[in-house]
Amino acid sequence: MKQIAFSGIQPSGNLHIGNYFGSIFNWKKIQNNYSCIFSVVDLHSITVKQSPIDLKNKIFEVAAIYIASGIDIKRNIIFVQSEVKQHLELFWILNCMSYFGELSRMTQFKDKSKRLGKDQSSAGLFNYPVLMASDILLYDTNFVPVGYDQKQHIELARDLAERFNKNFGETFNVPEPLIKDDAKIMGLDNPENKMSKSAKSKYNRIDIMDSNDEIVNKIKKAVTDNVQDVKFDKKRKGIYNLLTIYKLLSGMSENEIEHNFSGKNYGYFKKDLTDLLISEISPIRENTLSILKNKNSIEKILEDGSKKARNIANKKIITVKNKLGLGIN
Ligand code: AQP
């Protein structure tokens, strides 16, 4: 039997190439070796304010991008998190076993709550990693393919699985993160911080649904430096970030890339990078648009996926409730 991989993306804005390289790009590769469950994690996105109309549209857009990118709906489960209420049941149970101290140490919470301020930082934002642990643990997940920024959250999921198993007997698989070192894409306008859906400037990121002209423009404007030497130097964060994207797209080694651009300026390199990006992203954008035209078909895919996910999740919740002495059966 194949091992299980679970992952998801929040429909909290426009999906960008950071999300793509941190997740879908790798999901495509692992779908042959694992039994994969990919969720559109809509409950996570309401930890910060969302427009209901935009949220609904983004749920379908994110699911369509999964399929348009090459995630096989026959082999894998694709579903929307809020359609499987067992995530919320396990969330409450695991909340009761999570400690204030460990949740306070989560860097993503610290970053986001600092940006929002105390009065705008919801309890949901604080507890978000526990919901993520519930998503993962419900499916006996072995591996979680995510971007580097989620590592701390996977560690919490592991801790919670071990804590529950220790107190109530073997119940959950202890999941491993599946993180590629170079799946760490920084903002194009500010390579000090990660590329993010919620960054204010559109020049922070390249969105999967960007037109070719937008991609050209954004790469032109991407921050570099005055050195004009195309080298993988971690200290020169702007050019290093662009080179990382180039490496992921081309599959070439760092040496090969440096050799290729030896003696060439940043303008020359950016033009090549733009061409690579367009050839990766524009077919996904066009496929997504055509999938979204047939709303009934995508609804059906998501309903089927939710049904399958619910069946698995329900069995696990019954086991968990029995172990805890909850309910009447
Ligand atoms: N910059 C990034 N580089 C590599 N991977 C990234 N991921 C996100 N940003 C980068 C990975 O994308 C997957 C889905 O992320 P998410 O939607 O669950 O939430 P996020 O990490 O909070 O993404 P954003 O873009 O920063 O959204 P907002 O601004 O709404 O919070 C995950 O696997 C993540 O690691």
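Residues numbered from 1 in each chain as written. Predicted model: local features only at pLDDT ≥ 70, side-chain atom pairs only at ≥ 80, totals over all residues. Heavy atoms only, no water.

Trainee: How should the overall build of the protein chain be read in this particular structure?
Mentor: Helix and strand content of the protein chain: 13 helices and five strands. Relative to a compact globule of 329 residues, whose C-alpha radius of gyration would be 20 Å, the protein chain shows 21 Å and is just as compact. Projected onto its principal axes, the C-alpha coordinates of the protein chain cover approximately 75 × 45 × 40 Å. Counting only residues that meet the buried cut, the protein chain has 50% of its 329 residues in that class. Within the protein chain, residue pairs in contact and separated by at least 24 positions form 76% of the contacts whose partners lie at least 6 positions apart. A total of about 16,200 Å² of accessible surface is found on the protein chain, and carbon and sulfur atoms cover 50% of it. Of the side-chain charges in the protein chain, 49 are positive and 38 negative, and the distance between the mean point of each set is 2 Å. (Helix = DSSP H or I, 4+ residues; strand = E, 2+ residues; numbered from the N terminus. Rg over C-alpha atoms; globule rule 2.2 N^0.38 Å. Buried < 20%, exposed > 50% of the residue type's maximum accessible area, 1.4 Å probe, protein only. Contact = heavy atoms within 4.5 Å. Areas by Shrake-Rupley, 256 points an atom, 1.4 Å probe, with all protein chains shown as cover. Lys, Arg positive; Asp, Glu negative; His and termini not counted. Charge placed at Lys NZ, Arg CZ, Asp CG, Glu CD.)

Trainee: Explain the side chain of Gln81 to me, please; I cannot follow it from the model alone.
Mentor: Within the secondary structure, Gln81 is located in the loop between β3 (77-80) and α4 (86-95). Of note is the side chain of Gln81, whose polar atom sits 2.8 Å from the backbone nitrogen of Leu43. Setting aside anything within four residues of it in sequence, one finds Gln81 in contact with Ser39, Val40, Val41, Asp42, Leu43, His44, His87, Leu131 and Asp135. (Polar contact = N/O pair within 3.5 Å; in protein donor to acceptor, adjacent residues only side chain to side chain.)

Trainee: Would you mind showing me how to read the pattern of salt bridges here?
Mentor: Side chains bearing opposite charge may pair, as long as their charged atoms lie close to each other. Summed over all chains, the structure comprises 18 salt bridges. Close ionic contact of Arg285 with Glu286 constitutes a salt bridge, the shortest N to O distance being 3.0 Å. A relative accessible area of 10% means that Arg285 is categorised as buried. The salt bridge involving Lys300 is made with Asp304; its shortest N-O contact spans 2.9 Å. In this pair, Lys300 and Asp304 both sit in helix α13 (residues 295-324), four residues apart, roughly one turn of the helix. For Lys300, a relative accessible area of 47% puts it in the partly exposed group. On the accessibility criterion, Asp304 (30% relative accessible area) is partly exposed. (Salt bridge = Lys/Arg side-chain N within 4 Å of Asp/Glu carboxyl O.)

Trainee: Any chance you could explain the site of the ligand here in plain terms?
Mentor: In the neighbourhood of the ligand, 23 residues make up the surrounding shell, with Lys112, Asp149, Ile185, Lys197 and Ser198 lying closest. Between the ligand and Ser12, the relevant distance is 3.0 Å, taken from an oxygen atom to a side-chain nitrogen or oxygen of the residue. Mapped by element, the contributors of at least two residues to the shell around the ligand are β1 (4-9), α1 (17-30) and α6 (107-116). The element contributing the most residues to the shell around the ligand is α1, with four residues. (Near = heavy atom within 4 Å.)

Trainee: Got a minute to help me understand helix α3 (residues 52-69) in this structure?
Mentor: With 18 residues, α3 should reach 26 Å at 1.5 Å per residue; the first-to-last C-alpha distance of 26 Å fits that figure. With respect to burial, α3 is a largely interior element, 13 of its 18 residues being buried. Downstream of α3 by a residue or two, Gly70 has a phi angle that is positive, lying close to 115°. (Expected span 1.5 Å × (residues − 1).)

Trainee: Just to check I follow, could you spell out the pairing of strand β2 (residues 35-40) for this structure?
Mentor: Here β2 lies mainly inside the structure; five of its six residues are buried. Relative to β2, β1 is paired through six bridges, and the arrangement is parallel. For Ile9, the partnering residue across the bridge sits in β2 and is Val40. For the handedness criterion, the β-α-β arrangement of β1, α1 and β2 is classed as right-handed. In the sheet, β2 pairs with β3 via four bridges, with the strands oriented parallel. Residue pairing across strands places Ile37 opposite Ile77, the latter belonging to β3. (Pairing = 2+ DSSP bridges. Right-handed = clockwise from strand over helix to strand, strands pointing away.)

Trainee: How do you make sense of the packing of α3 against α13 when you look at a structure like this?
Mentor: Put simply, α3 and α13 touch, their axes get as near as 11 Å, and they point 85° apart. Relative to α13, the element α3 lies roughly perpendicular. Seen from α3, the contacting residues are Phe60, Ala63, Ala64 and Ile67; seen from α13, they are Lys295, Ile298, Glu299, Ile301 and Leu302. Taken together, the residues of the contact of α3 with α13 break down into seven nonpolar, no polar and two charged. (Axes fitted to C-alpha atoms, helices over the stretch in contact; angles between N-to-C directions. Parallel < 35°, antiparallel > 145°, perpendicular 65-115°, else oblique. Nonpolar A, V, L, I, M, F, W, Y, C, P; charged D, E, K, R; others polar.)

Trainee: In this structure, what is going on with the packing of α4 against α13? I would like to understand it.
Mentor: Helix-helix packing is described using two parameters, namely the angle between the two axes and the distance between the axes. In the contact formed by α4 and α13, the axes pass within 9 Å of each other and the chain directions differ by 30°. The angle between the axes of α4 and α13 places the two elements in the roughly parallel class. As for the relative orientation of α4 and α13, their crossing is left-handed in sense. In this structure, α4 contributes Gln86, Glu89, Leu90 and Ile93 to the contact, and α13 contributes Arg310, Ala313, Asn314, Ile317, Val320, Lys321 and Leu324. Taken together, the residues of the contact of α4 with α13 sort by class into six nonpolar, two polar and three charged. (Left-handed = near helix turned anticlockwise from the far one by under 90°.)

Trainee: I'm lost on the environment of Leu277 in this one. Help?
Mentor: One can find Leu277 in helix α12 (residues 266-293). The exposure class of Leu277 is buried, given its relative accessible area of 1%. Not counting the four nearest positions on each side in its chain, Leu277 is found in contact with Ile17, Ile206, Ile215, Ile219, Ile245, Leu249 and Ser282.

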